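One-letter residues, chain by chain:
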Amino acid sequence: MQPFFIKKELIKINNYPLQSGQKRPQASNELINERIRFPEVLLIGPNGEQLGKMSSRQALEEASKLELDLYCVAPNANPPVCKILDYGKFRFEQQKKAKENKKKQKIIEIKEVQLTPQIGQHDLLVKVKAAIKFLQDGNKVKVGVRYRGRQLAHVEVGEDVMNKFIGYLDEYATVEKPPLMEGRWLNAVLNSKIKK
């Protein structure tokens, strides 16, 4: 008996070979130049001056006279607003602004600190020191006290540890989510008072 083979075809979506004179389809859905097909548009010149209402064909002719592009700024307006501009330069400026905004953005992480109900004083202070470092970096801290076995019979011991821990961090953090039992864990979330 012969083995059964499955023929696999590889399909390349954007890497298909182009024939002479054929253009690759554009991924952008922005209304620019010939893609603008409104019966009437409000045209704004390259320096921001209003050129009035006209057909999209006339607006495209005005843009081609200035050797610039026609870009639809507000397609949902009545009539749609189009502007004459250098589209390549416009896209470059948009990408540059997006990069600048991304650099300025601060991502807040949630760091986790785990405690046990019978943690020693020194170990608790080590955990407090680590939490202070996280809070000074502007991050949030999730504090969890884990109960094992019979420790669930004395939940108040873990609550005391949690309250002591939160007390040490009083000048560095505010309590965003107060201590709450979730299964075998007593969890709280602290937010940093230090804004970076």
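Summary of the structure given here.

So, how was this worked out
By convention here, each chain's residues receive numbers from 1 onward along its written sequence. Residues qualify for local features only when their pLDDT is at least 70, as the model is predicted, and side-chain atom pairs are given and counted only at 80 or more; totals for whole chains, interfaces and linings, by contrast, use all residues. Side-chain calculation: all heavy atoms of the structure are included, whereas hydrogens and water are not. Note on aromatic contacts: the rings of Phe and Tyr and the six-membered ring of Trp form a pair at centre separations within 6.5 Å, being stacked when their planes are under 30 degrees apart, edge-to-face when over 60 apart, and tilted otherwise. Going along the chain from the N terminus, every DSSP run of H or I of four or more residues is numbered as a helix, and every run of E of two or more is numbered as a strand. A simple rule labels every residue: compare its accessible area, found with a 1.4 Å probe on the protein chains alone, to the largest value its type can have, and call it buried under 20%, exposed over 50%, or partly exposed in between. What counts as a salt bridge is simple: a side-chain nitrogen of Lys or Arg found within 4 Å of a carboxyl oxygen of Asp or Glu. A pair of strands is treated as paired once DSSP finds two or more bridges between them. Contact criterion: two residues are considered in contact whenever any of their non-hydrogen atoms come within 4.5 Å of each other. A fitted line through C-alpha atoms represents every axis, and for helices the fit uses only the stretch in contact; the resulting angles, taken between N-to-C directions, go from 0 to 180 degrees. The labels follow the angle: roughly parallel below 35 degrees, roughly antiparallel above 145, roughly perpendicular from 65 to 115, and oblique for the rest. Should the near helix be turned anticlockwise from the far one by less than a right angle, the crossing is termed left-handed; should it be turned clockwise, right-handed. Throughout, the ten residues Ala, Val, Leu, Ile, Met, Phe, Trp, Tyr, Cys and Pro are labelled nonpolar, Asp, Glu, Lys and Arg are labelled charged, and all others, Gly among them, are labelled polar.

**Thoughts on the packing of aromatic side chains**
Move 1: Following the criterion strictly, the structure yields three aromatic pairs and no others.
Move 2: Each ring, one from Tyr71 and one from Phe90, has its centre 4.8 Å from the other, and the planes form 50°; the classification is tilted. Taken together, the positions of Tyr71 in strand β3 (residues 69-74) and Phe90 in helix α2 (residues 87-104) put the pair 19 residues apart, joining distant regions of the chain.
Move 3: Given the relative accessible area of 24%, Phe90 is considered partly exposed.

**Some thoughts on the pattern of salt bridges**
Any two side chains of opposite charge can pair if their charged atoms end up close together.
Move 1: A complete count under the given rule lists four salt bridges for this structure.
Move 2: Measuring nitrogen to oxygen at the nearest pair gives 3.5 Å for the salt bridge that ties Glu109 to Lys111.
Move 3: For Lys111, a relative accessible area of 24% puts it in the partly exposed group.
Move 4: A salt bridge links Lys140 to Glu176; the shortest N-O distance between them is 3.0 Å. Of the two residues, Lys140 is situated in strand β6 (residues 140-146) and Glu176 in strand β7 (residues 173-182); the sequence distance between them amounts to 36 residues.
Move 5: The exposure class assigned to Glu176 is partly exposed, which follows from its relative accessible area of 42%.

**Digging into the pairing of strand β8 (residues 185-192)**
Move 1: Within β8, seven of the eight residues are buried, which leaves the element mostly enclosed by the surrounding structure.
Move 2: Judged from the six bridges that link them, β6 and β8 form a sheet pairing that is antiparallel. Opposite Gly144, over in β8, you have Asn187 as the bridge partner.
Move 3: Summarising the sheet, β7 and β8 pair through seven bridges and their orientation is antiparallel. Looking at β8, one finds that Val175 is bridged to Leu190.

**Examining unusual backbone geometry**
Move 1: Pro79 follows Asn78 through a cis peptide bond whose omega is -5°.
Move 2: You can see Pro79 is positioned in the loop between β3 and β4 (81-85).
Move 3: One non-glycine residue, Asn33, adopts positive backbone phi at about 45°.
Move 4: Secondary-structure assignment places Asn33 in the segment before β1 (41-44).
Move 5: Overall, the relative accessible area of 18% leaves Asn33 in the buried class.
Move 6: One non-glycine residue, Glu67, adopts positive backbone phi at about 55°.
Move 7: Structurally, the position occupied by Glu67 is in the loop between α1 (56-65) and β3.
Move 8: Here Glu67 falls in the exposed class, since its relative accessible area comes to 73%.

**Observations concerning the side chain of Ser56**
Move 1: Along the chain, the position of Ser56 falls in helix α1.
Move 2: In this structure, Ser56 is in contact with Ile36, Arg37, Phe38, Pro39, Val41 and Leu70, ignoring residues within four places of it in sequence.

**As for the packing of helix α3 (residues 121-136) against helix α4 (residues 155-168)**
Move 1: At their nearest, the axes of α3 and α4 sit 10 Å apart, and the two run at 45° to each other. Relative to α4, α3 is oriented oblique. Here the hand of the crossing between α3 and α4 comes out right-handed. On α4, the residues that touch Gln121, Leu124, Leu125, Lys127, Val128 and Ala131 of α3 are Val161, Lys164, Phe165 and Tyr168.
Move 2: Considered class by class, the residues forming the contact of α3 with α4 number seven nonpolar, one polar and two charged.

**A few points about the sheet that holds β4**
Move 1: Spatial strand order, β2-β1-β4-β3: four strands in an open sheet with mixed pairing. Two strands bound the open sheet, and with one partner strand each, they are β2 (50-54) and β3. For this sheet, the mean inter-axis angle between neighbouring strands, taken without regard to orientation, is 30°.
Move 2: As paired strands, β1 and β4 are joined by three bridges and run parallel to one another. Each residue of the ladder has a partner; that of Leu43, found in β4, is Cys82.
Move 3: Strand contacts of α1: β1, β2, β3 and β4, with the helix running at about 130° to β3, the strand carrying the most contacts.
Move 4: Its contacts with the sheet place α2 against β3 and β4, and it is angled at close to 45° to β3.

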